[in-house]
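The primary structure of each chain is shown beneath.
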Amino acid sequence: MNRRVWISIANLCAIAIAFLILFEFPQYSDEAFYLLIIWMVVGFVLLYAMRPRISPLPASHSSDASPFPSSSPASAPLPSSSGSPGTVGFCIYCATPIAPGTRACPACGHTLPGW
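Residues numbered from 1 in each chain as written. Predicted model: local features only at pLDDT ≥ 70, side-chain atom pairs only at ≥ 80, totals over all residues. Heavy atoms only, no water.

Draft legend 1. Region of the structure containing the environment of Trp39. As for its position among the elements, Trp39 is in helix α2 (residues 29–49). Between the C-alpha atoms of Trp39 and Ala10, which are 29 residues apart in sequence, the distance is 9.5 Å. For Trp39, the contacting residues outside a window of four places in its chain are Ala10, Asn11 and Ala14. Separated by 2.9 Å, the side chains of Trp39 and Asn11 make a polar contact. (Helix = DSSP H or I, 4+ residues; strand = E, 2+ residues; numbered from the N terminus. Contact = heavy atoms within 4.5 Å. Polar contact = N/O pair within 3.5 Å; in protein donor to acceptor, adjacent residues only side chain to side chain.)

So this is what it looks like as structure tokens:
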């Protein structure tokens, strides 16, 4: 298992221990509550720090280019009606034209849904 799973399990255990302290040892309820809050904040910061990173754009990619195809009819071919039903002729994440039946976008790498 990866570290994010272990941090999530530790957060759940900390909640369970805090509830145990709150109900079994009420004289320490204030300390248990504050330690739980501190633990949860640290846990969320660690989860955020270990989030998956998106790879940076290649150097050849122009930052001022629009990710959407232009509205001119000659820019990209429209999907034909002879394709399999439910296929989309472009990536729903970055609008790159794709061939019907493609499972992942060649430009952004997202897995495409199959409707």
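Once the structure has been displayed, the description carries forward.
Draft legend 2. Quick look at the packing of aromatic side chains. Scanning all chains against the criterion turns up 2 aromatic pairs. Taking 6.2 Å as the distance between ring centres and 15 degrees as the angle between the ring planes, the aromatic pair formed by Phe19 and Phe23 counts as stacked. In this pair, Phe19 and Phe23 both sit in helix α1 (residues 3–24), 4 residues apart, roughly one turn of the helix. Residues Phe33 and Tyr34 carry aromatic rings whose centres are separated by 5.6 Å and whose planes lie at 65 degrees to one another, so their mutual orientation is edge-to-face. (Phe/Tyr/Trp six-rings, centres within 6.5 Å; stacked < 30°, edge-to-face > 60°.)

Draft legend 3. Broad picture of the packing of α1 against α2. At their nearest, the axes of α1 and α2 sit 10 Å apart, and the two run at 170 degrees to each other. With respect to each other, α1 and α2 are oriented roughly antiparallel. Each of Arg4, Ile7, Ser8, Ala10, Asn11, Ala14, Ile15, Ala18, Ile21 and Leu22 in α1 lies in contact with α2, whose residues at this interface are Ser29, Ala32, Leu36, Trp39, Met40, Gly43, Leu46 and Leu47. Class assignment of the residues belonging to the contact of α1 with α2 gives a composition of 13 nonpolar, 4 polar and 1 charged. (Axes fitted to C-alpha atoms, helices over the stretch in contact; angles between N-to-C directions. Parallel < 35°, antiparallel > 145°, perpendicular 65-115°, else oblique. Nonpolar A, V, L, I, M, F, W, Y, C, P; charged D, E, K, R; others polar.)

Draft legend 4. The arrangement of α2 in detail. End to end, α2 covers 30 Å across 21 residues, agreeing with the expected 30 Å (1.5 Å per residue, within 8%). Every buried residue belonging to α2 is among Ala32, Leu36, Met40, Gly43 and Leu47, and all of these are buried. Here the buried residues of α2 occupy an arc of 70 degrees about the axis, which is enough to place them on one side. Every exposed residue of α2 that faces more than 90 degrees away from the buried side is listed here: Asp30, Tyr34, Leu35, Ile38, Val45 and Tyr48. (Expected span 1.5 Å × (residues − 1). Buried < 20%, exposed > 50% of the residue type's maximum accessible area, 1.4 Å probe, protein only. Arc of directions from axis to C-beta.)

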